[in-house]
Amino acid sequence: MFALALLLFFSAGVSLAQQSGDDEATPSVPASDAATPESAPADADAAGFTKQVVATNVKKTHATAAADYDSDGDIDFAVTDYRNHLVLYYRNKGGNQFERTVLDGNLKGAYPIGLGDVNKDGKMDIVAAGYLADTFVWYRNDGKGNFTRIVIDNHANGAHSIVVVDLDKDGDNDLVTSWQDGNTIAWYENSGGSNFTRRIVDTKSTKAKRAEVADMNGDGDLDIVSASFGGQVSWFENNGNEQFTKHVIDAAARGAYYVSPADVDKDGDMDLYAAIRRESAIVWYRNDGGGNFSYHVIDNKAHGARTVLGVDFDKDGDMDVLAASVDNDTVAWHRNDGKGNFTRVVLDTKIDGPYGLEVVDINKDNKLDLLVAANMGAQVVLYRRN
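Here's what I pulled together on the structure shown here. Bear in mind the structure is a predicted one, so any value in this text is a computation, not a measurement.

**Observations concerning the nonpolar core**
The nonpolar side chains of soluble globular proteins are, as a tendency, buried together. Counting residues in hydrophobic clusters, the biggest one holds 18 residues, and the most contacted among them are Val-233, Ile-249, Val-259, Leu-272, Ile-276, Val-283 and Tyr-285. Those elements giving two or more residues to this core turn out to be strand 18 (223-228), strand 19 (232-238), strand 21 (256-262), strand 22 (271-276), strand 23 (281-287) and strand 24 (293-299).

**Quick look at the pairing of strand 12 (residues 147-153)**
With 6 of 7 residues buried, strand 12 is to be regarded as a mostly interior element. Across 6 bridges, strand 11 (residues 135-141) lies against strand 12 in antiparallel orientation. For Trp-138, the partnering residue across the bridge sits in strand 12 and is Ile-150. Count of turn residues in the strand 11/strand 12 antiparallel hairpin: 5 residues, of which Gly-143 carries a positive phi of about 95°.

**Topic: unusual backbone geometry**
Positive phi, normally seen in glycine, also occurs at Lys-60, with a value near 50°. Along the chain, Lys-60 turns up in the loop between strand 4 (49-55) and strand 5 (64-67). Classification of Lys-60 by relative accessible area gives buried; the value is 19%. Of note in the backbone geometry, Lys-266 takes a positive phi value of approximately 55° without being a glycine.

**Observations regarding the environment of Ala-128**
Its location among the elements puts Ala-128 in strand 10 (residues 125-130). Measuring from C-alpha to C-alpha, the distance between Ala-128 and His-160 comes to 9.2 Å, with 32 residues separating the pair along the chain. Among residues more than four places away in sequence, those in contact with Ala-128 are Val-87, Leu-107, Pro-112, Ile-113, Thr-135, Phe-136, Val-137, Tyr-139 and Ile-162.

**Quick look at the side chain of Asp-81**
For Asp-81, the position within the fold is in strand 6 (residues 76-81). Although Asp-81 is buried, it makes no salt bridge; Arg-100 carries the closest opposite charge, 4.9 Å away. Engagement of the side chain of Asp-81 in a polar contact is seen with the backbone nitrogen of Asn-84, the distance being 2.8 Å. For Asp-81, the residues in contact, after removing those within four places along its chain, are Asn-57, Val-58, Lys-59, Leu-86, Leu-88 and Ala-110.

**Here we look at the layout of surface pockets**
The volume enclosed by the largest pocket comes to roughly 630 Å³. Around the largest pocket sit 30 residues that line it, and Arg-210, Glu-212, Tyr-258, Leu-309 and Leu-357 are the ones nearest its centre. Broken down by secondary-structure element, the contributors of at least two residues to the lining of the largest pocket are strand 9 (110-116), strand 13 (159-165), strand 17 (208-214), strand 21, strand 25 (305-311) and strand 29 (354-360). Across the lining of the largest pocket, the residue classes tally to 16 nonpolar, 9 polar and 5 charged.

**Remarks on the environment of Gly-290**
Here Gly-290 lies in the loop between strand 23 and strand 24. Note: C-alpha distance between Gly-290 and Gly-218 (72 residues apart in sequence) is 9.9 Å.

**Notes on the pairing of strand 14 (residues 174-179)**
Where burial is concerned, most of strand 14 is hidden: 6 out of the 6 residues are buried. Alternating positions in strand 14 separate into two faces, Asp-174, Val-176 and Ser-178 on one and Leu-175, Thr-177 and Trp-179 on the other, with burial throughout. Here strand 13 pairs with strand 14 via 6 bridges, running antiparallel. Bridge assignment links Ala-159 to a residue of strand 14, and that residue is Trp-179. Taken together, the 5 bridges between strand 14 and strand 15 (residues 184-190) define a ladder with antiparallel strand orientation. Across the sheet, the residue bridging to Leu-175 is Tyr-188, located in strand 15. Counting the residues between successive antiparallel strands, the hairpin from strand 14 to strand 15 contains 4 residues, one of them, Asn-183, with a positive phi of roughly 55°.

Calculation notes
Residues numbered from 1 in each chain as written. Predicted model: local features only at pLDDT ≥ 70, side-chain atom pairs only at ≥ 80, totals over all residues. Heavy atoms only, no water. Core = buried A, V, L, I, M, F, W, Y, C linked by side-chain atoms within 4.5 Å. Buried < 20%, exposed > 50% of the residue type's maximum accessible area, 1.4 Å probe, protein only. Helix = DSSP H or I, 4+ residues; strand = E, 2+ residues; numbered from the N terminus. Pairing = 2+ DSSP bridges. Contact = heavy atoms within 4.5 Å. Lys, Arg positive; Asp, Glu negative; His and termini not counted. Salt bridge = Lys/Arg side-chain N within 4 Å of Asp/Glu carboxyl O. Polar contact = N/O pair within 3.5 Å; in protein donor to acceptor, adjacent residues only side chain to side chain. 1 Å grid on protein atoms, 1.4 Å probe; cavity = no way out; pocket = protein on both sides within 12 Å on 5 of 7 lines; lining within 4 Å. Points joined across faces, edges and corners; volume = space filled by probe spheres on them. Nonpolar A, V, L, I, M, F, W, Y, C, P; charged D, E, K, R; others polar.

Following this line, the structure appears as structure tokens:
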């Protein structure tokens with residue numbers, strides 16, 4: 001166990017980098033294994049959104065993190081540029097116009113990004129990782145959109161995802177992470193100030209892509225769920241003292257890339273959405289409440305399935321799922337009827353390589369909008385609900 005806290009000043013530096021290990025998709029699951037998605041008229045539904053490119057020249061971007069960082073009442077966002085090793089901050093100037101500044105010019109292989117009030121000072125911070133730098137970073141916000149760079153760990157082999165959450169329920173926010181090259185799920189216990197202690201949960205999550213947090217068994221403790229590209233979807237049961245037992249939900253999830261917990265069927269327990277890239281599938285795992293999960297396909301033509309996000313996107317009281325599939329340039333909304341039956345609404349089929357998805361009310365009109373990081377198009381695209 002060791003405390004990690006290194007306060008650094010920003011330095012500039014731009015260079016080319018290799019790809020981050022994203023693997024190609026393979027053909028979809030057999031039709032016999034999949035429920036046929038019901039397709040709504042894409043044009044009719046997509047007409048409810050206005051598409052706007054809000055950032056360009058963001059090379060190999062992966063994800064966004066949107067919040068009112070400068071406390072001026074509107075929503076800004078941050079985004080990673082993998083190719084140029086940048087974390088970029090876009091300040092909302094009003095009228096759907098954004099001003100770009102470099103938040104960090106030297107995070108090698110800048111990849112995942114997230115947000116949360118890490119130090120509980122009432123100001124939204126940014127967290128990010130440099131995949132090639134094996135580094136997790138916290139950007140502490142002063143509430144005016146000025147950030148201090150604090151390195152949490154620079155020995156996280158293939159840092160691939162980071163989530164801010166009070167995992168141990170001690171009143172401060174911890175960090176839950178996945179390391180692709182280290183096959184590791186780990187969390188960082190916040191001991192106050194800028195001090196974090198690394199806690200290893202698992203070192204056998206082959207090509208760990210994503211880790212998320214939810215109470216999967218309803219015992220009041222926060223558990224961890226993960227997607228590992230090596231072929232597993234798993235959950236890690238918390239015994240209440242942050243000692244974790246691994247349960248494999250699916251040992252044949254070829255190219256599992258992303259998970260998002262949600263009560264899909266409204267039965268009171270937590271289910272799980274997942275993107276299974278090598279199956280070209282968006283799926284959900286139904287939790288029977290007794291620790292058993294059944295596999296259900298939502299869409300078996302999501303070629304290069306990359307990201308899923310469980311959210312009540314139409315505010316009708318049930319959890320829908322948004323999905324990005326990179327190989328067919330598609331962003332889709334799978335509208336849930338509340339019983340785990342879905343209608344597919346295609347938002348876009350012409351966005352170049354969609355990766356990250358983030359739901360946000362960008363103009364504060366009480367309607368949910370969508371930010372998408374277009375990896376191959378080097379853009380951030382906003383779908384604003386009309």
